[in-house]
Amino acid sequence: MTPVRTPEFVLFDLDETLYPSSNGLMNLIRDRIVEYMMVRLGWSRAEAEERRVEYVREYGVTLDGLRRLHGVDVGDYMEFVHAVPHSEYIRPNPELDRMLARLRPPKAIFTNASQSHARRVLSALGVSISHFECIFDFEAAGCCPKPDPEAYRRILRRLGASGDQCMLVEDNPRNLRTAKSVFGMSTVLVRKAGQTAGSQAGIGRAAVDRADLAIRADLAIRADLAIQADLAIQADLVIDDILRLEQVLAEATRQI
Ligand SMILES: [Mg+2]
């Protein structure tokens, strides 16, 4: 475990950080994103799927590619893709609410999604919004999604904090990389259950689909090694469940 300084601010990603990826909510939202492109832009399902992967790889989130290249309206997109029954997917987590109440540093939500989605997620979790100084969303970030450094600059300005005073808790290693390498934040990776390579190692799905089996196996092995190395570099602490944060943080700060 890497020793870390006690943070003065803790920034929490929202999706698949405060709740487990296994609940399927983000899969549903990804389906809604593809549906949005089919309905609003008239693309086939295959084309929409391919562009979703391409834009996530290129811009960090699908919306940023759609906004820059196709003039998609942010509000319309957010409303459409988050029109899902949150409380059918997210179980209340009273222990998380209690843990956040005990964690002393000021806290903020730092998400590439929208304010209203964040509020619905917190409500379904039974987590009080009052734990957080702010919910910093895609629009607050000036439509510059993580891992664009501009998003981090804006939230630091909003909190009146410097990067080295902050800790970012996230499920996405790419977002942790910017936090650590550009801003000197300490970083906590919330690892997904069964997290394997490929999904986050920068190898696009389309490219993998085109590869034959031998190449695919080779890619998987190399991506596995790459992601393991990457995680070790980007994350000071790694947890499998957000509820482990308090204890792991206490142990890591004691070592300083
Ligand atoms: Mg996330």
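Because the structure is predicted, anything quoted here is derived from the model rather than measured. (Residues numbered from 1 in each chain as written. Predicted model: local features only at pLDDT ≥ 70, side-chain atom pairs only at ≥ 80, totals over all residues.)

Caption draft 1: Fine view of the nonpolar core. Among the nonpolar cores identified, the biggest contains 57 residues, and Leu 11, Ile 109, Val 121, Leu 125 and Val 169 are the most heavily contacted of them. Each of domain 1 (9-19 + 92-254) and domain 2 (26-81) contributes no fewer than three residues to this core. If we ignore the near neighbours within four places in the chain, the residues touching Leu 11 are Ala 108, Phe 110, Ile 155, Cys 166, Met 167, Leu 168 and Val 169. (Core = buried A, V, L, I, M, F, W, Y, C linked by C-beta atoms within 7 Å. Buried ≥ 20, exposed ≤ 12 C-beta atoms within 10 Å, placed from the backbone. Domains from an automatic or database assignment. Contact = placed C-beta atoms within 7 Å.)

Caption draft 2: Highlighting the sheet that holds strand β4 (residues 166-170). With parallel pairing, the six strands of this open sheet are ordered in space as β3-β2-β1-β4-β5-β6. Unpaired on one side and paired on the other, β3 (132-136) and β6 (237-239) mark the two borders of the sheet. Strand-to-strand twist across the sheet, computed as the mean angle between neighbouring axes with direction ignored, equals 20°. Bridge analysis of strand β1 (residues 9-12) against β4 gives four bridges, and the strand direction is parallel. Bridge pairing in β4 links Val 10 to Met 167. Here helix α8 (residues 149-159) sits on the sheet in contact with β1, β2 (107-110) and β3, set at roughly 150° to β3. (Pairing = 2+ DSSP bridges. Helix = DSSP H or I, 4+ residues; strand = E, 2+ residues; numbered from the N terminus. Axes fitted to C-alpha atoms, helices over the stretch in contact; angles between N-to-C directions.)

Caption draft 3: Quick look at the confidence of the model for the chain. Mean pLDDT over the chain: 89, with 85% of residues reaching 70 or higher. When the criterion is pLDDT under 50, residues 196-211 qualifies, and its contacts beyond four places in sequence or with other chains add up to 30 contacts. (pLDDT = per-residue confidence, 0-100.)

Caption draft 4: Quick peek at the environment of Glu 16. Relative to the helices and strands, Glu 16 is located in the loop between β1 and α1 (25-41). Setting aside anything within four residues of it in sequence, one finds Glu 16 in contact with Ser 21, Met 26, Asp 171 and Lys 192.

Caption draft 5: Region of interest: helix α3 (residues 62-70). What α3 keeps buried is the set Thr 62, Leu 63, Asp 64 and Leu 66. Those residues of α3 that are buried are in contact with α1, α2 (45-59) and α4 (74-81). Of the residues flanking the end of α3, it is Gly 71, one or two places downstream, whose phi is positive at about 65°.

Caption draft 6: Geometry of unusual backbone geometry. Cis peptide bonds are those with omega within 30 degrees of zero, and the linkage from Lys 146 to Pro 147 qualifies with 10°. Tracing the backbone shows Pro 147 in the loop between β3 and α8. In the Ramachandran plot, Glu 16 falls in the positive-phi region, its phi being about 65° despite a non-glycine side chain. Under the C-beta neighbour-count criterion, Glu 16 is labelled partly exposed, with 18 such atoms within 10 Å. We note that Cys 143 has phi near 60°; this positive angle belongs to a residue other than glycine. Positionally, Cys 143 belongs in the loop between β3 and α8. The class for Cys 143 is partly exposed, based on 17 C-beta atoms found within 10 Å.

Caption draft 7: Seen up close, the environment of Ile 242. Note on placement: Ile 242 falls in the loop between β6 and α12 (245-254). Distance in space between the C-alpha atoms of Ile 242 and Met 99 is 9.5 Å, their sequence separation being 143 residues. Dropping the residues within four chain positions of it, Ile 242 is found in contact with Thr 17, Leu 18, Leu 96 and Val 190.

Caption draft 8: Region of interest: the pairing of β4. By the criterion of burial, β4 is predominantly enclosed, with five of the five residues buried. Residues Cys 166, Leu 168 and Glu 170 point to one face of β4 and Met 167 and Val 169 to the other, with burial holding for every one of them. In terms of strand pairing, β4 meets strand β5 (residues 186-190) through four bridges, oriented parallel. Bridge pairing in β5 links Met 167 to Ser 186. What joins β4 to β5 is helix α9 (residues 173-183), and the crossover it makes is right-handed. (Right-handed = clockwise from strand over helix to strand, strands pointing away.)

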